Amino acid sequence: MAELKNTFSKAERLCGKTAIDRLYAEGKAFLSYPVRVVFRTSSKEEIPVRSLINAPKRKFKHATDRNRIKRQIREAYRKNKHGLYQSVEEKDYQLHVSITYIGDKIEPTGFVEKKVKVALAKLIEQLP
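Each chain has its residues counted from 1, following the order in which its sequence is written. For this predicted model, a pLDDT threshold of at least 70 governs which residues receive local features, and a threshold of 80 or more governs which side-chain atom pairs are given and counted, while totals over whole chains, interfaces and linings are taken from all residues. For the side-chain quantities, the full set of heavy atoms in the structure was used; hydrogens and water were omitted.

(A) Expanded view of the nonpolar core. Within this scheme, the nonpolar core is defined by two criteria: the residues are buried Ala, Val, Leu, Ile, Met, Phe, Trp, Tyr or Cys, and they are joined through side-chain atoms within 4.5 Å. The cut-offs for exposure are 20% and 50% of the maximum accessible area for each residue type, with area from a 1.4 Å probe on protein chains only; residues under the lower value are buried, those over the upper are exposed, and the others partly exposed. Core analysis: the biggest nonpolar cluster contains 28 residues, and Ile-73, Leu-84, Leu-95 and Leu-123 have the highest contact counts within it. Going through the elements one at a time, β2 (35–42), β3 (49–54), α2 (63–80), α3 (82–89), β4 (94–101) and α4 (109–126) are the ones with two or more residues in this core. Where helices and strands are cited, they refer to DSSP runs of H or I of at least four residues and of E of at least two residues respectively, numbered from the N terminus. Here this core gets five residues from one element, more than from any other, and that element is α4. Ignoring any residue separated from it by four or fewer positions in sequence, one finds Ile-73 in contact with Val-35, Ile-53, Ile-99, Tyr-101, Val-112 and Val-116. Core analysis: the second largest hydrophobic core is formed by five residues, Leu-14, Leu-23, Val-38 and Leu-52 among them. Pairs of residues are marked as contacts when any of their non-hydrogen atoms sit within 4.5 Å.

Laid out in structure tokens, this is it:
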């Protein structure tokens, strides 16, 4: 990947039941409240990092609330993913990442972005 664009394309999203099940079964996790990050390495592919962003229906009954939370996390991830991509591109694997919102209430976008930045920095430190 010569130039990393400031986008979050379909190819960068983690999808597929088997890939997601393996991520949660074999992955390592940590918290950066109000987000929980689960990650695992996979065999090398063209896209260095594939991400899954979710918000629990159990805590946020209204779809509009879940969509807003996911939009906040997606935007924060999109703006701050460059360091993670650079760290992973040097290595011989692909990274699968899940970012789950675990807070009890909707936080302001600035706060969520700050916490996602902290989570991404912590993820870079924990990479094998």
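(B) The environment of Leu-95, seen in detail. In this structure, Leu-95 sits in strand β4. Here the alpha-carbon distance between Leu-95 and Thr-41, two residues 54 residues apart in the chain, equals 4.6 Å. Leave out the neighbours within four places in its chain, and Leu-95 touches Phe-39, Arg-40, Thr-41, Pro-48, Val-49, Arg-50, Leu-84, Val-88, Leu-123 and Leu-127.

(C) Inspection of the pattern of salt bridges at higher detail. When a carboxyl oxygen of Asp or Glu is within 4 Å of a side-chain nitrogen of Lys or Arg, the pair counts as a salt bridge. A full pass over the atoms with the stated rule returns eight salt bridges. Among the ionic pairs, Glu-26 bridges to Arg-40, the shortest N-O distance being 3.3 Å. Linking Glu-26 in helix α1 (residues 17–26) with Arg-40 in strand β2, this pair joins segments that are 14 residues apart in sequence. We classify Glu-26 as partly exposed; its relative accessible area is 48%. For Glu-107, the salt bridge identified is with Lys-105, shortest N-O distance 3.8 Å. Residues joined by salt bridges that share partners form a network here, namely Arg-22, Glu-26 and Arg-40.

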